[in-house]
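Observations on the three-dimensional arrangement
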Amino acid sequence: MKIVFACLLFCLFTQGLLAQTEDRRYNKALADSLGADEYGMKMYILVLLKTGSNQTKDKAAIGKLFAGHMENINKLAANGKLVVAGPMEKNDKFYRGIFILNVKTAEEAGLLLKTDPAIAAKLLDAELYPWYGSAALPMYLKYHDIVELKKP
């Protein structure tokens, strides 16, 4: 009888501990809308942008292509396909920047990258990698405008 009582107490105690580890803030509807798995994570495509093979020195052409690059970044972000973009400091690997694309496959990412004038003109090359990150990552974008004093 003591063993049964001890087992019952143990079960009640461990159930209480398990209940304490659940986060009561969990929002299933939001998690589902963001494509989150049970850990609140999902797959994205990480794009490393590198210096491309086009080594033109035509500043007007470069300026036009990079203006198109920025327009494309804004369009992809507005459509929910681009959740992170930014340049890198000069480095010996010739990495120029990163994108995190809100797509499931490298093929989908490749189609989006073809819409970027700087990539299409080979001023930039792209390396693609599957990346597992927080499903809530796209939510930060709505706050960017609030902290941005100047547009690039």
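Our subject is the structure listed above.
Residues numbered from 1 in each chain as written. Predicted model: local features only at pLDDT ≥ 70, side-chain atom pairs only at ≥ 80, totals over all residues. Heavy atoms only, no water.

A look at the environment of Leu65
Relative to the helices and strands, Leu65 resides in helix 3 (residues 59-78). We classify Leu65 as partly exposed; its relative accessible area is 21%. When the C-alpha atoms of Leu65 and Ile119 are compared, they prove to be 8.9 Å apart, with 54 residues separating the residues in sequence. Once you skip the residues sitting within four places of it in the chain, Leu65 turns out to touch Pro117, Ala118, Ala121 and Leu123. (Helix = DSSP H or I, 4+ residues; strand = E, 2+ residues; numbered from the N terminus. Buried < 20%, exposed > 50% of the residue type's maximum accessible area, 1.4 Å probe, protein only. Contact = heavy atoms within 4.5 Å.)

Some words on the side chain of Asn102
Along the chain, Asn102 falls in the loop between strand 3 (95-101) and helix 4 (106-113). Only 2.6 Å separates the side chain of Asn102 from the side chain of Lys42, close enough to count as a polar contact. Engagement of the side chain of Asn102 in a polar contact is seen with the backbone oxygen of Gly80, the distance being 3.3 Å. The residues contacting Asn102, other than those within four sequence positions of it, are Lys42, Tyr44, Gly80, Lys81, Val83 and Pro138. (Polar contact = N/O pair within 3.5 Å; in protein donor to acceptor, adjacent residues only side chain to side chain.)

A short note on the sheet that holds strand 1 (residues 41-51)
Paired through backbone hydrogen bonds, the strands of a sheet run either parallel or antiparallel to each other. Taken in spatial order, the four strands of this open sheet run 2-3-1-4, and their pairing is antiparallel. Each edge of the open sheet is held by one strand with a lone partner, namely strand 2 (82-87) and strand 4 (124-134). Each strand axis lies, on average, 20 degrees off the axis of its neighbour in the sheet, ignoring direction. With 11 bridges connecting them, strand 1 and strand 4 associate as antiparallel partners. Looking at strand 4, one finds that Tyr44 is bridged to Trp131. Strand contacts of helix 3: strand 1, strand 2, strand 3 and strand 4, with the helix running at about 150 degrees to strand 2, the strand carrying the most contacts. Strand contacts of helix 4: strand 1, strand 3 and strand 4, with the helix running at about 135 degrees to strand 4, the strand carrying the most contacts. (Pairing = 2+ DSSP bridges. Axes fitted to C-alpha atoms, helices over the stretch in contact; angles between N-to-C directions.)

A short note on the packing of aromatic side chains
Enumeration according to the criterion identifies one aromatic pair in this entry. Taking the centre distance of 5.8 Å and the plane angle of 40 degrees together, the rings of Tyr44 and Trp131 count as tilted. Residue Tyr44 is located in strand 1, and its partner Trp131 is located in strand 4; the two are separated by 87 residues in the primary sequence. (Phe/Tyr/Trp six-rings, centres within 6.5 Å; stacked < 30°, edge-to-face > 60°.)

Re the layout of surface pockets
Estimated volume of the largest pocket: approximately 850 Å³. If you go around the largest pocket, you meet 33 residues; those closest to its centre are Met70, Ile73, Ala85, Gly86 and Pro152. A class-by-class count of the residues in the lining of the largest pocket yields 20 nonpolar, seven polar and six charged. (1 Å grid on protein atoms, 1.4 Å probe; cavity = no way out; pocket = protein on both sides within 12 Å on 5 of 7 lines; lining within 4 Å. Points joined across faces, edges and corners; volume = space filled by probe spheres on them. Nonpolar A, V, L, I, M, F, W, Y, C, P; charged D, E, K, R; others polar.)

Structural notes on helix 4
Those residues of helix 4 that fall on the buried side of the exposure criterion are Ala109, Leu112 and Leu113. End-on view of helix 4: buried residues confined to an arc of 100 degrees, all on one side of the axis. Exposed and facing more than 90 degrees away from the buried side of helix 4 are Glu107 and Leu111. Where helix 4 is buried, its residues touch strand 1, helix 3, strand 3, helix 5 (117-120) and strand 4. (Arc of directions from axis to C-beta.)

Observations concerning a nonpolar patch on the surface
A surface patch of nonpolar side chains, amounting to about 350 Å² of accessible area, comprises Tyr39, Met43 and Tyr132. With respect to the helices and strands, the residue Tyr39 is situated in the loop between helix 2 (28-34) and strand 1. On the accessibility criterion, Tyr39 (62% relative accessible area) is exposed. (Patch = residues over 30% accessible without salt bridge, like charges linked within 9 Å, V, L, I, M, F, W, Y side chains within 5 Å. Areas by Shrake-Rupley, 256 points an atom, 1.4 Å probe, with all protein chains shown as cover. Salt bridge = Lys/Arg side-chain N within 4 Å of Asp/Glu carboxyl O.)

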